[in-house]
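# Examining the three-dimensional arrangement
These are the residues of each chain, in order.
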Amino acid sequence: MMRILIVGSAGLLGSYLYRYGKSKNHEMAGLSRSASPYTDIQGDATDFEWLGRQVKGAKCDIVVNTLKFKGSTDECEARKEECWKANFLVPEKLAALQKELGFGLVQVSTDWVFDGTKSGNYAVGDVPYPRNFYAFSKYAAELAVAGCSKYMILRTTGLFGHERPARNFMARFLENAKAGRQFDGATDQVSQPISALALSGIIIGLAGKGRWNATYHTTGPDLVSRLELAQAFAAHFGFPKNLVRPVTSSARAIYIPKQVAMDISGTEKALGRKIEGIGEMLGELDAFEKQG
Ligand SMILES: NC(=O)c1ccc[n+]([C@@H]2O[C@H](COP(=O)([O-])OP(=O)(O)OC[C@H]3O[C@@H](n4cnc5c(N)ncnc54)[C@H](OP(=O)(O)O)[C@@H]3O)[C@@H](O)[C@H]2O)c1
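Residues numbered from 1 in each chain as written. Predicted model: local features only at pLDDT ≥ 70, side-chain atom pairs only at ≥ 80, totals over all residues.

This part is about the environment of Lys274. With respect to the helices, strands and loops of the structure, Lys274 is situated in the loop between helix H9 (265-271) and helix H10 (278-291). A sequence separation of 105 residues divides Lys274 from Phe169, and the C-alpha atoms of the two residues are 24 Å apart. (Helix = DSSP H or I, 4+ residues; strand = E, 2+ residues; numbered from the N terminus.)

Looking at the element boundaries, Tyr216 is found in strand E11 (residues 214-217). As a C-alpha pair, Tyr216 and Leu174 span 42 residues in sequence and 30 Å in three-dimensional space. Tyr216 has contacts with Met152, Leu154, Leu206, Gly266, Thr267 and Ala270, leaving out every residue within four places of it along the chain. (Contact = placed C-beta atoms within 7 Å.)

With that settled, consider unusual backbone geometry. The amide bond that connects Arg164 to the next residue, Pro165, takes the cis arrangement and shows omega of 0 degrees. Looking at where Pro165 falls in the secondary structure, it is placed in the loop between strand E7 (159-160) and helix H6 (169-178). The backbone of Lys59 sits at a positive phi, close to 45 degrees, despite the residue not being glycine. Structurally, Lys59 is set in the loop between helix H2 (48-58) and strand E4 (62-65).

Here we come to the pairing of strand E8 (residues 183-186). Burial along E8 is one-sided: the residues Phe183 and Gly185 are buried and none of Asp184 and Ala186 is. Both E8 and strand E13 (residues 244-247) contribute to a ladder of 4 bridges, which runs parallel. Bridge pairing in E13 places Phe183 opposite Val244. (Buried ≥ 20, exposed ≤ 12 C-beta atoms within 10 Å, placed from the backbone. Pairing = 2+ DSSP bridges.)

Moving on, we come to the site of the ligand. Around the ligand, a shell composed of 24 residues is seen, among which Gly8, Gly11, Leu13, Arg33 and Ser34 lie nearest. Broken down by secondary-structure element, the contributors of at least two residues to the shell around the ligand are helix H1 (12-23) and strand E5 (104-110). The greatest single-element share of the shell around the ligand, amounting to 3 residues, is contributed by H1. Residue classes in the shell around the ligand are distributed as 8 nonpolar, 11 polar and 5 charged. (Near = placed C-beta within 6 Å. Nonpolar A, V, L, I, M, F, W, Y, C, P; charged D, E, K, R; others polar.)

Residues Leu5, Ile6, Val63, Leu105, Val106 and Ile203 are the most contacted members of the largest nonpolar core, which totals 87 residues. For this core, the element with the highest residue contribution is helix H7 (residues 196-208), accounting for 9 residues. (Core = buried A, V, L, I, M, F, W, Y, C linked by C-beta atoms within 7 Å.)

Turning our eyes to something else, we now look at H1. Helix length check: H1, at 12 residues, gives a terminal C-alpha distance of 17 Å against a target of 16 Å (1.5 Å per residue), a fit within 8%. Most of H1 is tucked away: 10 of the 12 residues are buried. Taken as a whole, H1 has its buried residues at Leu12, Leu13, Gly14, Ser15, Tyr16, Leu17, Tyr18, Arg19, Tyr20 and Gly21. Where the residues of H1 are buried, they touch strand E1 (3-7), strand E2 (27-32), E4, E5, E7 and H7. Trailing H1 by a residue or two, Asn25 shows a phi angle of about 70 degrees, which is positive. (Expected span 1.5 Å × (residues − 1).)

Here we come to the packing of H6 against helix H8 (residues 226-237). Following both chains from N to C, one finds H6 and H8 inclined at 55 degrees, their axes separated by 10 Å at the closest point. The angle between H6 and H8 falls in the class oblique. Remark: the crossing between H6 and H8 carries right-handed chirality. The residues of H8 that touch H6, namely those facing Phe169, Met170, Phe173, Leu174 and Ala177, are Arg226, Leu229, Ala230, Phe233, Ala234 and Phe237. Of the residues that constitute the contact of H6 with H8, the class distribution is 10 nonpolar, no polar and 1 charged. (Axes fitted to C-alpha atoms, helices over the stretch in contact; angles between N-to-C directions. Parallel < 35°, antiparallel > 145°, perpendicular 65-115°, else oblique. Left-handed = near helix turned anticlockwise from the far one by under 90°.)

Here we have 7 strands laid out as an open sheet, ordered E3-E2-E1-E4-E5-E6-E11, and parallel in their pairing. Of all strands in the sheet, those with a lone pairing partner are strand E3 (41-42) and E11, marking the two edges. In this structure, E1 lies alongside E2, joined through 5 bridges in parallel fashion. Counterpart to Ile6 in the pairing with E2 is Gly30.

The structure is reproduced here in structure tokens:
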């Protein structure tokens with residue numbers, strides 16, 4: 001049994017990790033700004049003195065930082081100071097606390113530390129080139145956490161799961177599909193999406209095996225466009241395929257990597273198993289929701 005503190009526990013990944021960890025008999029504690037069934041400690045993590053007191057008081061074996069700046073990636077560009085505080089200064093503070101207290105620190109990062117111009121899969125050791133402020137702040141956090149004595153950096157992408165209000169791609173698809181509305185799936189945005197539940201399993205799996213002091217690519221194995229992903233959701237949840245409309249993504253003011261393919265072989269080796277494909281992840285989400 002591990003005692004795990006989740007920072008950002010009211011969010012998509014935090015709430016799945018909280019529930020998943022409990023289902024595996026770990027002692028879970030959640031710290032977040034919003035009240036939620038997964039918030040045991042409510043407050044603003046950018047109040048660093050307060051954060052330090054809470055982390056010390058939690059006496060945990062592991063801290064998983066799932067917190068990110070509340071706004072969109074476009075807003076990160078316009079509100080750099082707030083984004084920097086949440087995405088860099090919070091993990092920097094957690095890294096300082098790790099050095100003092102010795103817990104294992106898990107930092108959740110992004111595939112956007114790469115710019116998506118490589119033709120093959122990105123290896124963990126490839127040179128990062130973050131090209132928007134969100135990605136820059138996340139990469140800076142990786143560097144801060146990599147100085148810890150017990151850490152893990154997990155680069156992920158396209159998290160999906162059930163969520164209210166619906167912010168992630170799957171939850172938004174379901175909201176629209178249930179209302180009979182067409183849903184746009186971009187053909188030119190390609191990544192390896194992963195469910196928040198599958199990523200929770202990877203976090204607990206790697207920590208349980210003590211695979212510390214490394215960076216992992218923690219995406220799914222299937223490289224798909226947003227269109228293909230939405231079509232997979234339609235097929236799984238029993239909606240007509242033509243509810244999803246192929247579109248080209250609209251022009252953005254910031255640089256967005258169009259396709260990032262990640263080499264996940266090191267993660268699978270460390271875990272001792274394959275990471276599930278999209279179909280299997282959707283089946284696991286159904287079973288998890290049924291179990292309550
Ligand atoms: N979602 C994706 O597709 C994706 C892709 C690549 C990487 N990632 C990374 O994966 C991690 C998890 O993402 P997610 O989608 O689960 O994020 P999320 O749903 O936005 O959750 C983040 C949580 O952090 C909390 N939070 C933000 N600022 C806070 C503060 N100052 N004090 C206390 N709590 C605060 C939020 O609480 P409030 O709601 O109360 O503000 C929210 O519950 C992040 O590190 C993200 O960068 C995500």
